[in-house]
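# Fold and contact review
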Amino acid sequence: MSLLLRPAQTTDCHPTHRWHVDPTVRAVSRIKAPLDYPDHCRWFWGILDDPTVRVSILELDGEPIGMVRVDCLEMSWVVDAEHRGKGYGTEMVRLALLLEGPHVYAVIGDGNAASRRVAEKAGVEVRRLVD
Ligand SMILES: CC(C)(COP(=O)(O)OP(=O)(O)OC[C@H]1O[C@@H](n2cnc3c(N)ncnc32)[C@H](O)[C@@H]1OP(=O)(O)O)[C@@H](O)C(=O)NCCC(=O)NCCS
């Protein structure tokens with residue numbers, strides 16, 4: 001088994017859209033309505049070109065299974081539903097912290113226990129979600 005965190009590329013539009021429309025992910029996102037595929041690709045390609053945003057993809061044996069995004073200093077993450085509960089989320093965030101340094105933070109709702117646990121285990125500061 002090999003895990004690799006690599007920079008996102010334009011072809012990651014497809015797996016990231018699958019993760020984006022996952023109801024679990026929509027429920028914890030600040031924007032609740034899912035984007036359709038063309039709009040998602042426009043948004044995704046836009047952030048790849050944005051110098052204030054860094055997007056990385058976690059690969060398991062060459063298959064994309066997760067994404068971590070750092071927008072200015074705010075970090076957010078997602079793991080493919082089929083691969084959750086195996087430690088990949090924590091490992092992905094730990095790897096991203098090595099690249100980003102210790103000053104990043106995450107904004108996580110009180111009800112998102114899995115993400116709070118990932119942040120705690122990886123050592124990411126959690127800030128409160130303000131509506
Ligand atoms: C949060 C997320 C990335 C976690 O990915 P993962 O690969 O399952 O994470 P891990 O396996 O590394 O660890 C999850 C930890 O949370 C715990 N956990 C999972 N569900 C939980 C729940 N409902 N309540 C409490 N803890 C929970 C696990 O037990 C584990 O902790 P442990 O190792 O001490 O047992 C994944 O659930 C996800 O993509 N969620 C939707 C997107 C999201 O919430 N993003 C956050 C925005 S910042």
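First, a word on scope: everything that follows refers to the structure included in this document. Remember, it's a predicted structure, so these values are computed and weren't measured experimentally.

### With respect to the overall build of the chain
Helix and strand counts for the chain stand at five helices and six strands. When its helices and strands are written in sequence order, the chain yields β-α-α-α-β-β-β-α-β-α-β. Its C-alpha radius of gyration of 14 Å places the chain within 12% of the 14 Å reference for a compact globule of 131 residues. Its C-alpha atoms give the chain principal-axis dimensions of roughly 40 × 35 × 30 Å. Taking all 131 residues of the chain together, 21% fall into the buried category. Excluding contacts between residues fewer than 6 apart, the proportion of contacts in the chain whose partners are at least 24 apart in sequence is 51%.

### Examining the environment of Leu97
Along the polypeptide, Leu97 turns up in helix H4 (residues 88-100). Since 18 C-beta atoms lie within 10 Å of it, Leu97 is described here as partly exposed. Note: C-alpha distance between Leu97 and Ser76 (21 residues apart in sequence) is 12 Å. Sequence-distant contacts of Leu97, defined by excluding residues within four places in its chain, comprise Pro102, Val104, Ala122, Gly123 and Val124.

### Observations regarding the site of the ligand
In the vicinity of the ligand, 22 residues are found, and the nearest of them are Arg84, Gly89, Thr90, Ala113 and Arg117. If you list the elements that add at least two residues to the shell around the ligand, you get helix H2 (23-28), strand S4 (74-79), H4 and helix H5 (113-122). Residue contributions to the shell around the ligand peak at five residues, all from H5. Its residues assigned to classes, the shell around the ligand shows 11 nonpolar, eight polar and three charged.

### Remarks on the nonpolar core
Grouped together as the largest cluster of nonpolar side chains are 19 residues, with contacts concentrated most on Met67, Val68, Met75, Trp77, Met92 and Val93. At the level of elements, strand S2 (53-60), strand S3 (63-71), S4, H4 and H5 are the ones that each hand at least two residues to this core. Each residue touching Trp77, except ones within four places of it in the same chain, is listed here: Gly66, Met67, Val68, Gly89, Met92 and Val93.

### Comments concerning the pairing of S3
Pairing between S2 and S3: eight bridges, direction antiparallel. Note on S3: the bridge partner recorded for Ile57 is Met67. Between S2 and S3, which pair antiparallel one after the other, the connecting turn spans two residues, and Asp61 there sits at a positive phi close to 50°. Counting the residues between successive antiparallel strands, the hairpin from S3 to S4 contains two residues, one of them, Cys72, with a positive phi of roughly 55°.

### A word on H5
Among the residues making up H5, those that are buried are Ser115, Val118 and Ala119. Each buried residue of H5 sits inside an arc of 95° when the element is viewed along its axis, so together they form one side. Summarising the geometry of H5, the exposed residues directed more than 90 degrees from the buried face are Ala113 and Glu120. Where the residues of H5 are buried, they touch H4, strand S5 (105-107) and strand S6 (125-127).

What counts, and at which threshold
- Numbering of residues begins from 1 in every chain and follows the order in which that chain's sequence is written.
- Since the coordinates come from a predicted model, pLDDT governs what is reported: local features require at least 70, and pairs of side-chain atoms require 80 or more to be given and counted, while whole-chain, interface and lining totals use all residues.
- Counting from the N terminus, the helices are DSSP H or I runs at least four residues long and the strands are E runs at least two residues long.
- Within these notes, the globule rule equals 2.2 Å times the number of residues to the 0.38 power, and the radius of gyration is based on C-alpha atoms.
- Put simply, a residue is buried when 20 or more other C-beta atoms lie within 10 Å of its own C-beta and exposed when 12 or fewer do; between those, it is partly exposed, and each C-beta is set from the backbone.
- Two residues qualify as a contact pair if the distance between their C-beta atoms, derived from the backbone, is within 7 Å.
- We call a residue near a molecule or strand when the C-beta position, derived from backbone atoms, sits within 6 Å of it.
- Just so you know the grouping, Ala, Val, Leu, Ile, Met, Phe, Trp, Tyr, Cys and Pro go in nonpolar, Asp, Glu, Lys and Arg go in charged, and all remaining residues, Gly too, go in polar.
- By convention the nonpolar core is taken to be a set of buried residues drawn from Ala, Val, Leu, Ile, Met, Phe, Trp, Tyr and Cys and joined through C-beta atoms within 7 Å.
- When DSSP locates at least two bridges between a pair of strands, those strands are taken to pair.
- This arc is built from the directions going out from the helix axis to the C-beta atoms.

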